[in-house]
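# A closer look at the structure
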Amino acid sequence: SLFFILVTLSSLSNTHSLSHSLSLGCRAVGDCIPVTRLKLGKLKVVRRQLLQRYEHQPFVSCLAGLYGCQWRRYQRARAQPGECCCSRVECGSFGLLIITFFLSFLFLYFWSEAQNDYNDFDWFNFGTLGFWFPWSLVLLVIAAALFTYIALLLVLAVCLLTEGQRLYLHWSHKTGIVVTLAFSVIATAVLSDLWSKEWKTLLLSLQVTAPFLHVAAVSLMAILSWPIALHFFRMNKKVRQVAVLGLFLSVLFSLYLVPLGMYSPCIKEAGTLEPAPRLIGHRGAPMLAPENTVMSFEKALEAGGEGLETDVTISYDGVPFLMHDSTLRRTTNVAEVFPNRTDLDASMFTWAELQQLNAGNWFLSRDPFGTVSSLPEADCSRAQNQSIPSLAQFLEVASSSGRLVLFDLRRPPQGHPYSQSFINTTLQVVQAHINSSQVLWLPSEDRELVRTMDPELQQTSGEKASIQELTDDHITRLNLHYSTMSQQQISKYQSVNISTNLFVISQPWLYTLAWCAGAQSVTTNSIHILSNIKQPLFLMTPEEYTLMWILTDAVSAFLIITVFIFHWWRERGLPFWSGSRQTHENGPYSKFRTELSDVWSISSVNVRPDLRSTPSSPSNPHLPTITEE
């Protein structure tokens with residue numbers, strides 16, 4: 001407002017000076033033009049043009065201030081035609097910003113798609129560090145925050161380029177870029193070394209997300225075409241123009257052709273989708289109750305589970321019981337009851353000693369899945385009093401409900417009284433408490449002997465093999481990690497009546513992929529979530545996907561061509577229509593730049609220098625005569 005007041009006062013002052021000069025000129029030549037004939041209303045037009053110009057400046061000031069801490073007008077400069085958008089140092093900073101953006105996005109995508117295995121990651125760190133902490137969520141929050149920061153910087157840079165401003169990145173942002181780049185590279189390298197199988201998860205996720213990532217990437221290229229076209233037509237060196245346009249078109253055409261190499265089992269003909277996979281509770285329902293407890297298995301059945309999975313070991317006095325880890329430290333209060341035996345193998349405890357331990361408090365205190373706060377008070381009280389169940393108790397729960405059971409059997413260490421007879425001991429308990437046809441027998445040791453003793457057991461293998469080998473071993477089901485998922489292999493095994501169970505699948509998108517791939521069952525931690533999914537989250541026919549692909553490419557190509565034509569038109573100064581009179585880009589007012597601001601001059605007022613007065617003096621200034629067209 002102050003600026004506009006000053007401009008108006010200055011304009012009025014200039015008008016007074018002009019009228020004085022006009023009077024002097026009239027006296028000299030006798031051709032006086034009344035001051036009233038000047039169109040003083042044009043001052044309003046000047047003010048309106050200035051207002052239009054400077055109403056836009058706060059937006060540019062905000063962009064430059066956030067990007068380079070250049071809040072004042074004189075601190076920044078526009079990129080003039082033929083100039084580069086920034087210096088070499090700033091070009092390097094902008095290039096580093098782009099690289100950091102893609103690397104931070106890669107890590108964020110990698111880690112967000114690994115949510116299915118966060119529980120395993122946190123427990124791995126618990127075993128390494130000795131205390132519980134949700135490292136996976138902390139890492140996700142840090143990755144998301146850093147990526148958001150870099151993305152905002154990139155948006156600011158693109159907006160400044162769109163406004164024709166020269167880039168200047170503040171040193172604090174340069175430091176932030178380096179920190180984000182280092183974090184992304186180091187975190188990716190460490191996780192790749194410790195958890196390389198997650199890269200297979202990332203590749204699987206592309207079978208679901210690739211169509212949507214393709215649309216997003218093409219849309220981004222359409223948006224970037226605006227600043228690229230602007231600076232392309234302002235460059236005065238052909239080499240730069242060819243390099244910029246060549247790089248842009250190379251990336252664009254690559255994105256256009258990416259769908260040719262994409263594969264997804266969820267793109268299939270209508271009517272070919274197999275039934276939904278059956279759900280097997282992984283150690284029960286570990287999100288709703290302490291894992292491997294009677295409460296957990298009952299919760300899994302209530303949520304709609306059609307099978308139960310667990311892990312079995314043998315106590316020192318020969319009682320099979322449920323325990324996943326080799327020690328009792330993670331899921332019991334052994335450190336309180338037997339502080340000197342915390343790291344002792346679980347099978348070295350007698351059944352009476354095991355019954356003294358609490359197997360539920362750890363679930364409430366550590367909240368491994370972040371679900372405790374959503375549980376009813378009655379469930380929390382019940383979870384607090386859970387104990388280690390025996391195999392017999394587990395089998396009775398499954399037998400009474402007619403559900404399948406799947407368990408892994410761990411061999412006791414050397415010196416254990418049942419290290420050689422643990423399979424027979426376990427088999428006797430199975431035959432005494434459940435129908436053998438409900439049992440998926442997973443242990444591979446002495447498989448032929450077990451099949452001879454109880455042929456009704458469903459022999460299950462945890463490894464891939466040829467169909468001939470599997471049929472020779474009388475295998476009826478495969479229990480495979482989800483990262484080995486393959487629609488072709490599942491179909492091949494199904495053709496010889498060998499079912500495939502995939503473990504551990506807890507994320508809806510992975511369940512969708514397993515469903516589309518034709519898996520007969522999945523082992524899951526989130527049985528209460530997956531049981532509510534009635535159809536795949538992503539499913540379309542090849543025709544629908546082809547239409548989506550072609551439409552996306554065609555629309556983006558049209559928009560990009562339109563943007564380039566518009567900038568070519570504007571930079572060449574070709575005429576266009578505005579209202580009812582033809583005008584040019586520069587308009588009836590020509591712009592010229594000063595160090596402090598951009599102002600407009602009235603082009604309809606011409607200065608005629610042919611009439612001159614005497615040399616200038618304080619009383620008789622040297623002013624030209626003005627006339628009005």
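Conventions we followed
Residues numbered from 1 in each chain as written. Predicted model: local features only at pLDDT ≥ 70, side-chain atom pairs only at ≥ 80, totals over all residues. Heavy atoms only, no water. pLDDT = per-residue confidence, 0-100. Contact = heavy atoms within 4.5 Å. Helix = DSSP H or I, 4+ residues; strand = E, 2+ residues; numbered from the N terminus. Polar contact = N/O pair within 3.5 Å; in protein donor to acceptor, adjacent residues only side chain to side chain. Buried < 20%, exposed > 50% of the residue type's maximum accessible area, 1.4 Å probe, protein only. Axes fitted to C-alpha atoms, helices over the stretch in contact; angles between N-to-C directions. Parallel < 35°, antiparallel > 145°, perpendicular 65-115°, else oblique. Nonpolar A, V, L, I, M, F, W, Y, C, P; charged D, E, K, R; others polar. Pairing = 2+ DSSP bridges. Right-handed = clockwise from strand over helix to strand, strands pointing away.

### Quick notes on the confidence of the model for the protein
- For the protein, the average pLDDT comes to 83, and 80% of its residues sit at 70 or higher.
- This stretch, residues 1-40, has a pLDDT under 50; its non-local contacts, to residues over four places away or in other chains, come to 33 contacts.
- The low-confidence segment residues 50-55 (pLDDT under 50) makes 13 contacts with residues lying over four places distant or belonging to another chain.

### A few points about the side chain of Arg-330
- If you trace the backbone, Arg-330 turns up in the loop between β3 (320-322) and α11 (334-337).
- A polar contact of 2.7 Å, which involves the side chain of Arg-330, links it to the side chain of Glu-291.
- Contact partners of Arg-330, with chain neighbours within four places excluded, come to Trp-123, Phe-126, Arg-283, Glu-291, His-324, Asp-325, Trp-362 and Arg-366.

### Some words on the environment of Asn-116
- Topologically, Asn-116 is positioned in the loop between α4 (88-113) and α5 (118-129).
- The class of Asn-116 is buried, set by a relative accessible area of 7%.
- As a C-alpha pair, Asn-116 and Leu-510 span 394 residues in sequence and 8.3 Å in three-dimensional space.
- Excluding anything up to four places from it in sequence, Asn-116 contacts Tyr-482, Val-504, Ile-505, Ser-506, Gln-507 and Leu-510.
- Polar contacts involving the side chain of Asn-116 include one to the main-chain amide nitrogen of Ser-506, which spans 2.6 Å.

### Comments concerning the packing of α4 against helix α8 (residues 198-234)
- Viewed as axis vectors pointing N to C, α4 and α8 meet at an angle of 105 degrees, and their least axial separation amounts to 9 Å. Classed by the angle they form, the pair α4 and α8 counts as roughly perpendicular. Of the residues in α8, those in contact with Phe-105, Leu-106, Tyr-109, Phe-110 and Glu-113 of α4 are Glu-198, Trp-199, Thr-201, Leu-202, Ser-205, Leu-206, Thr-209 and Leu-213.
- Its residues assigned to classes, the contact of α4 with α8 shows eight nonpolar, three polar and two charged.

### Focus on the pairing of strand β7 (residues 477-481)
- Burial within β7 is extensive, with five of its five residues counted as buried.
- The two faces of β7 match: Arg-477, Asn-479 and His-481 on one face and Leu-478 and Leu-480 on the other face are all buried.
- As defined by bridge partners, strand β6 (residues 458-461) adjoins β7 across two bridges and the pair is classed as parallel. Paired with Thr-460 across the two strands is Arg-477, which belongs to β7.
- As a crossover connection, the stretch from β6 through helix α18 (residues 467-472) into β7 is right-handed.

### Looking at helix α10 (residues 294-302)
- Among the residues of α10, Met-295, Ser-296, Phe-297, Lys-299, Ala-300 and Leu-301 are the ones counted as buried.
- Of the surrounding elements, those touching the buried residues of α10 are β2 (307-314), β3, α14 (377-384), α15 (391-401) and α21 (527-530).

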